[in-house]
Amino acid sequence: MQNKIHIGSSQVILNYNRAYPRNRESLLGSEPFKRFLRHVIETSKENNTKLFDYVTMNGKFTIEEATDNFTTFLRILAIFRIDEVDSEYLNDRVSLLAFVNMVYDSWRSLQRFGYMYSEKTNDFGINTLVKRDSDLNDLILRTYRLFEEKIQERPNLVYRQVQAGTNACFSVHHVKDSFAKEYEKLSDIPVIDTVMLRTPMILHPKSSKRTGMFEETDHNPIDSFHYDPEDWFCFPMKVGKLLCFVYFNSKYMASAISLANLFELATFEESKEKPDLIVLYGNEDNKNQTVFYHDTKNNIWLGSISDHPRVEYFGYMKKMALTLHNLAMMHQGWLPIHGAFVKITLNDGRTKGIMLMGDSGAGKSESIEAMKVVGKDVIKDVEVIFDDMGTIHIEDGVPYGQGTEIGAFIRLDDLDPGTPYRDMDRSIFMAPENPNARMIVPASPYQDVITNHKIDLFAYANNYTDEYGLKELSVDEVKETCKMGKRMALGTTQEVGISTTYFANPFGPMQQQDVCEPLIDDVFQSLKDNGVFVGEIYTHLGFDKLNRQGLHEAATELLEFIRKD
């Protein structure tokens, strides 16, 4: 993307290498500022006719002329006292202040991102990116306050240090050599190497649920990959131990940058290697598909998500990456688990590994959060190994769990009211005003996620049965329950009511059940041989999510198990 500024899809993207204002004069005199002001005036024609009439002087000026005239007026007002300025715009101070506020609010209503090339900047480092972005934030805020106070002819009495610049910024570089001949076209797309998030970050995607399934195709999506390299970026990341390159259309910038709170960003050197997984997000192929393909020649699992309004939901990007990971790991003999796995350390030093399995909305993460509350006086530490997707593999006859993500993508509706606020200073909030609102919060260091962890309890999260607490069952009973994958769907996908999904995991195991089936048998036999507690935990979230009694009793009995010798 070589444009100085890109405005569209309720977002703005600034190229700091071509459009970075170092002072107020360069800001107000810049082409990007004029483009944005023109965008605001055009929008006001539909949304605020009073202010549109004001800035165009009741049709005296065209939109283009009004843009030039008001830009000139602001540049003059920035230098002189208001009583030294002669302008028609000063004849109505009330409308003038309202219009300036509308320009500022319009800017802040957008999802705002900035980026720069690390290889084109002398002595580039993270401090270069942070300082440049922070200075822009300060410049925009000070410029707005200058106009506000001049028009009011008095200083403000209350100052709020809001995020007036970007929501996030990042640096990119080009990888010259292609990792395989079939993927040479991807080398034109710049690769992200550093990210700075301004948290809490609140985003408003158009969609709040995922629909459809990820289906296998017998044609490599790279052959039908349609894109303009000027509008694409690559987010290289680690999914578990696998290297994944997410190539994304810039119109989905908000979702892509949010990956930084959920997955480990790959290093500069790792971005030069051949990836295990590739995601094409926003493929302009006009197919409206979500498909995956195994390139056996290059041993790459590749997923493609067609450009479509419905895919402006973070779950598509996250779940496609996890699907590819799960398929790849199944072929290596590792069993994917759709669930939550934590290592609990009590005040007396004892530890227990707790793994809960279940499909979306079953209450896996919510049970863990409820357990933290009921056990606040006896639990010293809760180490999150995975919050959504992980694996079990057998090593020397012992089953171990590992994770895939360094963060958690959590439904706000299913948490206790105070829980989201505990970590909000580091979190990204997705559409908090809508049903299925989510937060993405960092949870664990990457090295902890990919380390072997012992399993002491394995339980299926049951949100549909009118029972309470935690129940130990036979390994065969739990294995069959897990394979059935029953749950009361909560609307996080297109499903509503009781549904079943093979092994409660539509992200790999369901698509290749023949590969998954022997892995299930081996792992459950290993759980039995190693004396692991196996059973069900009853969350009641499928009945009434506002009634927390079932979740509280489940968490209480879970804590009792952990406290046992």
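Fair warning: this is a prediction, and the values are worked out from it, not measured in the lab.

Calculation rules
- Residues numbered from 1 in each chain as written.
- Predicted model: local features only at pLDDT ≥ 70, side-chain atom pairs only at ≥ 80, totals over all residues.
- Heavy atoms only, no water.
- Buried < 20%, exposed > 50% of the residue type's maximum accessible area, 1.4 Å probe, protein only.
- Helix = DSSP H or I, 4+ residues; strand = E, 2+ residues; numbered from the N terminus.
- Pairing = 2+ DSSP bridges.
- Core = buried A, V, L, I, M, F, W, Y, C linked by side-chain atoms within 4.5 Å.
- Contact = heavy atoms within 4.5 Å.
- Axes fitted to C-alpha atoms, helices over the stretch in contact; angles between N-to-C directions.
- Salt bridge = Lys/Arg side-chain N within 4 Å of Asp/Glu carboxyl O.
- Expected span 1.5 Å × (residues − 1).
- Arc of directions from axis to C-beta.
- Patch = residues over 30% accessible without salt bridge, like charges linked within 9 Å, V, L, I, M, F, W, Y side chains within 5 Å.
- Areas by Shrake-Rupley, 256 points an atom, 1.4 Å probe, with all protein chains shown as cover.
- Parallel < 35°, antiparallel > 145°, perpendicular 65-115°, else oblique.
- Left-handed = near helix turned anticlockwise from the far one by under 90°.
- Nonpolar A, V, L, I, M, F, W, Y, C, P; charged D, E, K, R; others polar.
- Phe/Tyr/Trp six-rings, centres within 6.5 Å; stacked < 30°, edge-to-face > 60°.
- Lys NZ or Arg CZ within 6 Å of the ring centre and 35° of its normal.

### Re the pairing of strand β17 (residues 389-395)
- With respect to burial, β17 is a largely interior element, five of its seven residues being buried.
- The pairing of strand β14 (residues 335-346) with β17 spans four bridges and is antiparallel. Its bridge partner lying in β17, I337 is registered against G390.
- Here β17 pairs with strand β18 (residues 398-403) via six bridges, running antiparallel. Considered in β18, the bridge of T391 is made with Q402.
- Between β17 and β18, which pair antiparallel in sequence order, lie two residues; one of them, D396, sits at a positive phi of approximately 55 degrees.

### Details of the nonpolar core
- Counting residues in each nonpolar core, the largest one holds 53 residues, and the members touching the most others are F170, M237, F248 and Y281.
- Per-element tally for this core: the top contributor is helix α8 (residues 314-330), with 10 residues.
- Apart from residues lying up to four places away in sequence, F248 is in contact with I192, D231, W232, F233, C234, F235, M253, A256, Y281 and M317.
- One finds I5, F73, Y89 and L96 within the second-largest nonpolar core, a separate group that totals 47 residues.

### Things to note about the sheet that holds strand β21 (residues 438-442)
- Strand order across the open sheet formed by four strands is β6-β20-β21-β19, with mixed pairing between neighbours. The sheet is open, and its two borders are formed by β6 (201-203) and β19 (407-411), each paired with just one other strand. Strand-to-strand twist of the sheet, defined as the mean angle between neighbouring strand axes without regard to direction, takes the value 20 degrees.
- With three bridges connecting them, strand β20 (residues 428-430) and β21 associate as antiparallel partners. When the bridges of β21 are listed, F429 appears paired with M439.

### Comments concerning helix α12 (residues 475-484)
- V475, V478, K479, T481, C482 and K483 are the residues of α12 that are buried.
- Positive phi shows up at G485, right after α12, with a value of about 60 degrees.

### A word on the side chain of K483
- With respect to the secondary-structure elements, K483 resides in helix α12.
- When residues no more than four places from it in sequence are discounted, the contact partners of K483 are T501, Y502, F503, E517 and I520.

### Thoughts on the pattern of salt bridges
- The tally for this structure, following the rule as stated, stands at 26 salt bridges.
- Here E312 ties to K206 by a salt bridge, and the two come within 3.4 Å at their closest N and O atoms. A residue pair is termed long-range when its members are at least 10 positions apart, and E312 in the loop between β13 (300-306) and α8 and K206 in the loop between β6 and β7 (215-216) qualify at 106 residues.
- Take E312: its relative accessible area is 11%, and that puts it in the buried class.
- Linking K238 and E270 is a salt bridge whose minimum nitrogen-to-oxygen distance equals 3.3 Å. One end of the pair, K238, is in strand β8 (residues 232-239); the other, E270, is in the loop between β10 (264-265) and β11 (277-283), and 32 residues separate them in sequence.
- On the accessibility criterion, K238 (11% relative accessible area) is buried.
- One connected set of salt bridges, linked through shared partners, spans K318, K319, D388 and E405.

### Some words on helix α13 (residues 513-529)
- For α13, built from 17 residues, the straight-helix expectation of 24 Å at 1.5 Å per residue is met to within 8% by its first-to-last C-alpha distance of 24 Å.
- Within the sequence span of α13, burial applies to C516, L519, I520, V523, F524, S526 and L527. Around the axis of α13, the buried residues are gathered within 155 degrees of arc, so they sit on the same side. Set apart from the buried face of α13 by more than 90 degrees, the exposed residues are D514, K528 and D529.
- Backbone geometry just after α13 places G531 at a positive phi near 70 degrees.

### A short note on a nonpolar patch on the surface
- On the surface, a cluster of nonpolar side chains totalling about 290 Å² of accessible area is made up of I76, I79 and F80.
- Within the secondary structure, I79 is located in the loop between α4 (63-77) and α5 (93-109).
- For I79, a relative accessible area of 59% puts it in the exposed group.

### A closer look at the packing of helix α9 (residues 364-374) against helix α14 (residues 549-563)
- Where α9 contacts α14, the axes come no closer than 8 Å and their chain directions differ by 70 degrees. As far as their axial angle goes, α14 and α9 are roughly perpendicular. As for the relative orientation of α9 and α14, their crossing is right-handed in sense. The segment α9 lies against α14, with E366, S367, A370, M371 and V374 engaging L551, H552, A555, T556, L558, L559 and I562.
- Of the residues in the contact of α9 with α14, the class split is eight nonpolar, three polar and one charged.

### Details of unusual backbone geometry
- For the peptide bond that leads from T199 to P200, omega is -5 degrees, which places it in the cis range.
- A positive phi angle, close to 45 degrees, is found at A431, a residue other than glycine.
- Position of A431 among the secondary structure elements: in the loop between β20 and β21.
- Its identity is not glycine, yet A504 carries a phi of approximately 50 degrees, on the positive side.
- Positionally, A504 belongs in the loop between β26 (496-500) and α13.

### A few points about the packing of aromatic side chains
- Inspection of the entire model under this criterion finds 28 aromatic pairs.
- Each ring, one from Y227 and one from W232, has its centre 6.4 Å from the other, and the planes form 85 degrees; the classification is edge-to-face.
- Both rings, one in Y313 and one in F409, keep their centres 6.2 Å apart while their planes meet at 50 degrees; by these two values the pair is tilted. Here Y313, found in the loop between β13 and α8, pairs with F409, found in strand β19; they are 96 residues apart in sequence, far enough to count as distant.
- Residue Y313 is classed as buried on the basis of its relative accessible area of 6%.
- Of the residues examined, F409 reaches a relative accessible area of 9% and is grouped as buried.
- Cluster of aromatic residues (ring-pair linked, three or more members): Y54, F70, F73, Y89 and F99.
- Residue placement shows K352 over the ring face of F561; its charged tip is 4.8 Å from the ring centre.
- Across the ring face of F409, the terminal group of R438 is positioned such that the distance to the ring centre comes to 4.7 Å.

By themselves, these observations are geometric and do not establish any function.
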